[in-house]
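Read off the chains here:
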Amino acid sequence: MNGCRPSSTGNLLTDTPELYELRFPDPGFTAARWAESVLRAYAAGPDLLDLGCGTGRDAGWLHRAAGRTVTGLDSSEAMIAHARARHPGPAYHVGDMRDFRLAGRFDAALCLDSALLHCHTNDDLDAVLGRLRRHLRPGGLLVAEMRNGAFFLGRTELLDAPRTDTVARGGTTFTSHTTLRIDHAAQLLRRTRIWTGDDGAPAVEQHSAWRLLFPQELRHLLAANGFTVLALYDRPGPRTEPPWSEGDRPADTADDDRIHLVARLDAAARRRS
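What comes next concerns the included structure. (Residues numbered from 1 in each chain as written. Predicted model: local features only at pLDDT ≥ 70, side-chain atom pairs only at ≥ 80, totals over all residues. Heavy atoms only, no water.)

**Notes on the overall build of the protein**
Secondary structure summary: the protein contains eight helices and 11 strands in total. Summarising its shape, the C-alpha atoms of the protein cover approximately 60 × 45 × 35 Å along the three principal directions. For the protein, the residues scored as buried account for 53% of the 273 residues in total. Here the contacts in the protein between residues at least 6 apart in sequence split such that 66% fall between residues at least 24 apart. Surface accessibility of the protein: about 12000 Å² in total, with carbon and sulfur atoms responsible for 50%. Distance from the positive charge centre (34 side chains) to the negative charge centre (35 side chains) of the protein: 6 Å. (Helix = DSSP H or I, 4+ residues; strand = E, 2+ residues; numbered from the N terminus. Buried < 20%, exposed > 50% of the residue type's maximum accessible area, 1.4 Å probe, protein only. Contact = heavy atoms within 4.5 Å. Areas by Shrake-Rupley, 256 points an atom, 1.4 Å probe, with all protein chains shown as cover. Lys, Arg positive; Asp, Glu negative; His and termini not counted. Charge placed at Lys NZ, Arg CZ, Asp CG, Glu CD.)

**Describing unusual backbone geometry**
Note the cis peptide between Arg235 and Pro236, where omega equals 0 degrees. Along the chain, the position of Pro236 falls in the loop between strand S10 (227-233) and strand S11 (258-265). Cis rather than trans, the peptide bond between Glu241 and Pro242 has omega equal to -5 degrees. Although it is not a glycine, Asp113 adopts a positive phi angle of roughly 55 degrees. With respect to the secondary-structure elements, Asp113 resides in the loop between strand S4 (106-111) and helix H6 (122-135). Positive phi values are uncommon outside glycine, yet Ser114 reaches one of about 60 degrees. The residue Ser114 is located in the loop between S4 and H6 in this model.

**Section: H6**
End to end, H6 covers 20 Å across 14 residues, agreeing with the expected 20 Å (1.5 Å per residue, within 8%). All of the buried residues in H6 are Asp124, Leu125, Val128, Leu129, Gly130, Arg131, Leu132 and His135. Of the surrounding secondary structure, the elements contacted by the buried residues of H6 are strand S1 (47-51), S4, strand S5 (136-147), strand S9 (204-211), helix H7 (215-224) and S10. (Expected span 1.5 Å × (residues − 1).)

**A few points about the pairing of S4**
The element S4 is extensively covered by neighbouring structure, given that six of its six residues are classed as buried. Sheet analysis places S1 next to S4, joined by three bridges and oriented parallel. In the strand pairing of S4, Asp50 is matched with Leu110. Both S4 and S5 contribute to a ladder of five bridges, which runs parallel. Note on S5: the bridge partner recorded for Ala108 is Leu141. Traced from S4 through H6 to S5, the parallel crossover comes out right-handed. (Pairing = 2+ DSSP bridges. Right-handed = clockwise from strand over helix to strand, strands pointing away.)

**Focus on the environment of Arg105**
Relative to the assigned elements, Arg105 resides in the loop between strand S3 (91-94) and S4. Placed 93 residues apart in sequence, Arg105 and Leu12 show a C-alpha to C-alpha distance of 33 Å.

**Some remarks on the nonpolar core**
By size, the foremost hydrophobic cluster in this structure holds 41 residues, and its most contacted members are Leu51, Met97, Leu132, Leu222, Phe227 and Leu261. Breaking this core down by element, the ones donating at least two residues are S1, S4, H6, S5, strand S7 (172-183), H7, S10 and S11. Residues in contact with Leu222, not counting those within four places in the same chain, are Leu129, Leu142, Phe227, Val229, Leu261 and Ala263. Within the second largest apolar cluster, 25 residues are counted, among which are Ala59, Ala108, Ala231 and Val262. (Core = buried A, V, L, I, M, F, W, Y, C linked by side-chain atoms within 4.5 Å.)

All we've got here are geometric facts, nothing functional implied.
Dropping the structure here:
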């Protein structure tokens, strides 16, 4: 899921949506149900923009099960084609979240799976929030879920050793070896992932990165762009351990690997856009 990269990424998971859904299964639609619980809690209207919608799994559930009018945006043409075919209902668009222009206005915007962090520079992040100012109605919500930069202050467990995962598709078992490192100067978490398959194909090495944002930095960035933070917490959420379940209340902490954000666009900021 992303919105700040070209439509052809050279990334096996992004360019093969079926494999993405196998590698990151969500049979109970936990991510979409968590998002819906937040939208309900803050009385968001029905018109929803899903930035970095990826395969459309969450957007489709929110349209079908929650009755929302959903528009999905992602920079991957393969992801959008998959979303239209497998998770129909929402209006899907290929586009970059830094400069998209859509005809509608929305009651809320959703940005899951660290999609916002594919925008690496301060200018990129300001551009995304500027686009949201133009596309959200006054008082509209931003609901986001992403990696937490504060987690890496003095903690190295995600950096100490490669992670190995396997996923099977079409009779082939794919194995990935993933290493992470921090690029301190750029404030990025850089990932190298090497894929091998038992079909004898050559190994594929891929590189990607996420911007590391700290809680107070995120608050400042949002305030500068006309948003008031209503909630900022680490757990529970769709990718925490244990994952969120219906009725869970957010903790008053922000030091785990994931961070969850709810912010409201100030009416005056919307008028200035």
